[in-house]
Number of protein chains: 4
Amino acid sequence: MTNRRERWERHTQLPLIALSVLFAVAYAVPVLAPRAPGWVLQGAAWAEWAVWAVFALDYATRLVLAERRWEFVRRSPLDLASVLLPLVQPLRLLRLVSTLLLAGQRVRMASQVRLTTYVAGVVLGLLVFGSLAILEIERSSPHASIRTLGDALWWSFTTMTTVGYGDLTPTTGLGRLLAVALMLSGIALLGVVTANIAAWFVARFEAEDRLDHLNHRAIQDLTAEVRELRRELAELSRQAEPGGEPAGRVPSA
Amino acid sequence: MTNRRERWERHTQLPLIALSVLFAVAYAVPVLAPRAPGWVLQGAAWAEWAVWAVFALDYATRLVLAERRWEFVRRSPLDLASVLLPLVQPLRLLRLVSTLLLAGQRVRMASQVRLTTYVAGVVLGLLVFGSLAILEIERSSPHASIRTLGDALWWSFTTMTTVGYGDLTPTTGLGRLLAVALMLSGIALLGVVTANIAAWFVARFEAEDRLDHLNHRAIQDLTAEVRELRRELAELSRQAEPGGEPAGRVPSA
Amino acid sequence: MTNRRERWERHTQLPLIALSVLFAVAYAVPVLAPRAPGWVLQGAAWAEWAVWAVFALDYATRLVLAERRWEFVRRSPLDLASVLLPLVQPLRLLRLVSTLLLAGQRVRMASQVRLTTYVAGVVLGLLVFGSLAILEIERSSPHASIRTLGDALWWSFTTMTTVGYGDLTPTTGLGRLLAVALMLSGIALLGVVTANIAAWFVARFEAEDRLDHLNHRAIQDLTAEVRELRRELAELSRQAEPGGEPAGRVPSA
Amino acid sequence: MTNRRERWERHTQLPLIALSVLFAVAYAVPVLAPRAPGWVLQGAAWAEWAVWAVFALDYATRLVLAERRWEFVRRSPLDLASVLLPLVQPLRLLRLVSTLLLAGQRVRMASQVRLTTYVAGVVLGLLVFGSLAILEIERSSPHASIRTLGDALWWSFTTMTTVGYGDLTPTTGLGRLLAVALMLSGIALLGVVTANIAAWFVARFEAEDRLDHLNHRAIQDLTAEVRELRRELAELSRQAEPGGEPAGRVPSA
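Rules of the game
- Residues numbered from 1 in each chain as written.
- Chains lettered and ligands numbered in written order.
- Predicted model: local features only at pLDDT ≥ 70, side-chain atom pairs only at ≥ 80, totals over all residues.
- Heavy atoms only, no water.
- Helix = DSSP H or I, 4+ residues; strand = E, 2+ residues; numbered from the N terminus.
- Buried < 20%, exposed > 50% of the residue type's maximum accessible area, 1.4 Å probe, protein only.
- Contact = heavy atoms within 4.5 Å.
- Areas by Shrake-Rupley, 256 points an atom, 1.4 Å probe, with all protein chains shown as cover.
- Axes fitted to C-alpha atoms, helices over the stretch in contact; angles between N-to-C directions.
- Parallel < 35°, antiparallel > 145°, perpendicular 65-115°, else oblique.
- Left-handed = near helix turned anticlockwise from the far one by under 90°.
- Nonpolar A, V, L, I, M, F, W, Y, C, P; charged D, E, K, R; others polar.
- Patch = residues over 30% accessible without salt bridge, like charges linked within 9 Å, V, L, I, M, F, W, Y side chains within 5 Å.
- Salt bridge = Lys/Arg side-chain N within 4 Å of Asp/Glu carboxyl O.
- Phe/Tyr/Trp six-rings, centres within 6.5 Å; stacked < 30°, edge-to-face > 60°.
- Lys NZ or Arg CZ within 6 Å of the ring centre and 35° of its normal.
- pLDDT = per-residue confidence, 0-100.
- Core = buried A, V, L, I, M, F, W, Y, C linked by side-chain atoms within 4.5 Å.

### Looking at the overall build of chain A
The secondary structure content of chain A amounts to nine helices and zero strands. Each helix and strand of chain A, placed in order from N terminus to C terminus, yields the pattern α-α-α-α-α-α-α-α-α. Counting across all 253 residues of chain A, residues that qualify as buried make up 45%. Residue pairs at least 24 apart in sequence account for 64% of intrachain contacts in chain A once pairs closer than 6 positions are excluded. A total of about 13,000 Å² of accessible surface is found on chain A, and carbon and sulfur atoms cover 64% of it.

Shown next, in the form of structure tokens:
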């Protein structure tokens, strides 16, 4: 049972990551070209809904294939909310958050993806989607300082690295909420980078650890002792033979 | 004796955390609604005093139940100060700091709470109470830039993550003192996050540590050696039997 | 010989730390009260020179007591420079840096001081002296934003924690050089805090390390094996006795 | 074959680092003295091209000496691009990036250079070249705030330490791209500093690790056991001698 779910997760991983890129493009169109012809904007909106629907379907499939369904639901309540929320309140930003959460959870579940790659991916995703979202949110505010995609990317970057120049800052409540998400993932990124380097350092330090060497030498001493014991036992055994040699004679060893 | 204190600490933990939330509400009322009817403000002030009194009582109880009372007092002089200070100088901000210190110390003492949870709780508490306090402090200043709860929360967050945009900054001495506390706990938060990830990485790296494997193989080699020794000894023992078989014949093994 | 130097270092540690505090006071007087009566300013200047002289004397004494003098000088060229520079160029700021370097080196050499305490001390010292120095440097600049001791302390703190609001910034070259020193020690402080927490986490994780347990169990299995071997050997020994019991009888064991 | 490449890399390391310094000087001349006589500016441009050519030649030599040439190219596609790009598009900034990448890769390959030294060198290099580049880029912008070398160095430093005052910020797209590179290497620097301190702490903690001690004691117990066994075996051996002593007599031990 679990094997079928794992096989499903392994096979669908790449197509779903490709869909995330499509979602990014569909989300970017009305933000970057708000005066595009109607059918383009309509198509982008449909593509957004379609990608969300595929991720919702993927969640449902994994739920059906799961061994213990109740535990599957209980362990990730955010995923269930991400599936249901866009149905209740079809806000654009909500659909973005829902799709990102579902895609993120999906990638994290794939056992081949390592933590470092995952965090790097999340950071990159947040950078791109965060820039698009802040641009959309702030553009409507009269006092906004973030007005172009370049500004939005620059602001996202200075926020995530916790540099925070303050030449551009969000002015709306939603924009600030988004900034909080960017800061927190920036801190996580910093933690992962540092931890990675630290673990690498520690592993190198340990290879020269004294106590481990001591242990190793103790075991080697012991083995030498036991080998000596076997040699003596062999000698004894030869002496105990019915027609054995008298003691005192040194064996050929 | 110690057991009675530990039992007390275990049983009172949850009610005290609930009281901290009540304190937050009582403290928030006059900050967020300074023009509320007199009885509301009066009730909030009473609730504040009551929560402080319960925490002071808790401290006294733990002191009575402690095995070595003098050591209990000496080990946490800040707690004693927190109990006594609001009696001497009934400043509102002082009561806030006192209650927070007593509650924090109380939670830290409970053995079930892990460091990560504790730091996360302290950070959240400082975020909420810091925002309320900075709002109260700065509002009276003529040049203040922090004037709404949203501003206060946003400023607290950018300060704790050390992003520090500088779009909002405290202008009073008290506000800056508060900012210093927020920055320091932000650094601690960063440290805990990084340390957690690093420890997890290191633990995974170590599982593949070469020297440990070497040690393990050395011990396995040694065990094989000793097993061989036992086999030979069994053979010897059979030969030494009064009516034993002559040497040279291979045993059935 | 080395013992005499170590004894000297142990005995002079506390008086020298007390002198550092005196230096702080003497340095603060003309910065905070530039219009104090002449004899006060003169006394402060003399006190500054006296403290520097004591630290220079301490360096000379340690050099005389050192076993290998040339190595002592070569290992800390900055210390020699700190002793000689104020004689060549009696600038006030240079005397501050020289005395701080000598005092810092002196405290670091004392073997009882742990890294964490040392870094905390250096950070505190830089905070106090950095605030006084930035105040003195910036006050003369026409566009300065740092004009009071409160401002200076606040700026030093936001710089060391890398928050960097930017509400106050140095405008002179010397002030910026000072800021660089503050930032670098802030990063070191952050590193020490994180490293401390990380090491504590790692130590806890390791106690439950699987491979170590595996090793331990392997050794226990081996010991049981060897005990069994001794039991069998004892039985064999009894059989080999001149009037030994016949094989087949089970020993009492 | 590999040995010849390694010998080449060892022998050319120092001259190449010296050339990097020459490149810095040649790059600085037209930035800091744009009104210098024509032959000076021309000479600086020629020196820049010459240094790039030497690094390109070094790459070609290493490629020829490499055992598996295809793998050598495939493993560092950025290096090949750095060699070819300045030929296609002789932009000044591109030549800077190309030479820096080639020099950095070259230093990293030298086996004697440790990670800490490498990161420190990269950070220093980025600080110097970043300051020169931002000065050149921003000077042409009408709203630029970075206009002198002092400003550029100060901005680079506040960016790399993630302090980010925001008193000076890049206004052009290229300048912001450069800022991103500075921030990322600042984070790496922070990670290396923290990791270094953490690894040192961890190594000290581990030396007192309990389980390792436990293991060590277990092995010592076991060795004592085996020694006792040998003593008994020796006794048995003496008894089994043709004219051996009767059992019951205690050996001299």
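### Topic: the packing of helix α6 (residues 115-139) of chain C against helix α7 (residues 149-160) of chain C
Residue and element names in this part refer to chain C. As a packed pair, α6 and α7 sit with axes 8 Å apart at the nearest point and diverge in direction by 130°. Between α6 and α7, the angle falls in the class oblique. When you trace α6 past α7, the crossing you get is right-handed. Contacts between α6 and α7 involve V123, L126, L127, G130, S131, L132, I134 and L135 from the first element and L149, A152, L153, W155, S156, F157 and M160 from the second. Counted by class, the contact of α6 with α7 contains twelve nonpolar, three polar and no charged residues.

### Section: the environment of G104 of chain C
All names here are of chain C. Among the structural elements, G104 can be located in helix α5 (residues 92-109). Judged by its relative accessible area of 18%, G104 is buried. As for G104 and V119, which are separated by 15 residues in sequence, their C-alpha atoms are 10.0 Å apart.

### Description of a nonpolar patch on the surface
All names here are of chain A. On the surface, a cluster of nonpolar side chains totalling about 460 Å² of accessible area is made up of L80, L84, L85, L87 and V88. For V88, the position within the fold is in helix α4 (residues 77-88). Residue V88 is classed as exposed on the basis of its relative accessible area, which comes to 68%.

### Section: the side chain of S98 of chain C
Residues and elements named next belong to chain C. Of note, S98 is situated in helix α5. Of the residues examined, S98 reaches a relative accessible area of 4% and is grouped as buried. Apart from residues lying up to four places away in sequence, S98 is in contact with W52, S82, L85 and P86.

### Remarks on the packing of aromatic side chains
Summed over the entire model, instances satisfying the criterion amount to 24 aromatic pairs over all chains. Every member of this aromatic cluster is reached through a ring pair, and the members are F23, Y27 and F129 of chain A. The positively charged end of R92 of chain C is found above the aromatic ring belonging to Y27 of chain C, 4.1 Å away from the centroid.

### Let's talk about the confidence of the model for chain A
The share of residues in chain A with pLDDT of 70 or more is 83%, and the mean pLDDT across the chain is 80. Ranking the helices and strands of chain A by mean pLDDT puts helix α7 (residues 149-160) of chain A first, with 92, and helix α9 (residues 210-240) of chain A last, with 68.

### Points about unusual backbone geometry
The backbone of T162 of chain B sits at a positive phi, close to 55°, despite the residue not being glycine. Tracing the sequence through the fold places T162 of chain B in the loop between α7 (149-160) and α8 (173-207).

### Considering the environment of T162 of chain B
Given a relative accessible area of 7%, T162 of chain B falls into the buried group. The spacing of T162 of chain B and G186 of chain B is 24 residues in sequence and 7.0 Å in space, taken between C-alpha atoms. With residues up to four places along the chain from it excluded, the contact list for T162 of chain B reads T162 of chain A, I187 of chain B together with T161, T162 and V163 of chain C.

### Section: the pattern of salt bridges
Residue and element names in this part refer to chain C. Evaluation of the coordinates by the stated rule reveals 29 salt bridges over all chains. Where E48 meets R95, a salt bridge forms, and the shortest distance between an N and an O atom there is 2.9 Å. Taken as a pair, E48 in helix α2 (residues 38-65) and R95 in helix α5 lie far apart in primary sequence, 47 residues in all. Accessibility expressed as a relative area gives 0% for E48, which makes it buried.

### Observations regarding the environment of L115 of chain C
All names here are of chain C. Along the polypeptide, L115 turns up in helix α6. Judged by relative accessible area, L115 falls into the partly exposed class, the value being 29%. Expressed as a C-alpha distance, the spacing of L115 and V192, which sit 77 residues apart in the sequence, is 8.4 Å.

### Thoughts on the packing of helix α2 (residues 38-65) of chain B against helix α4 (residues 77-88) of chain B
Residue and element names in this part refer to chain B. One can describe the packing of α2 onto α4 by two numbers: an axis separation of 10 Å at closest approach and a directional angle of 140°. Looking at the two axes, α2 sits oblique to α4. Considering only the axes of α2 and α4, their crossing is left-handed. On the side of α2, the interface is formed by W49, W52, A56 and Y59, while α4 contributes D79, L80, S82, V83, P86 and L87. Among the residues forming the contact of α2 with α4, the class breakdown is eight nonpolar, one polar and one charged.

### A word on the nonpolar core
Ranked by size, the top nonpolar core spans 182 residues in total, and within it Y27 and W155 of chain A, Y27 and W155 of chain B, Y27 and W155 of chain C together with W155 of chain D carry the most contacts. W155 of chain A has contacts with I134, I146, L168, T169, P170, G175, A179 and L182 of chain A together with Y165 of chain B, leaving out every residue within four places of it along the chain.

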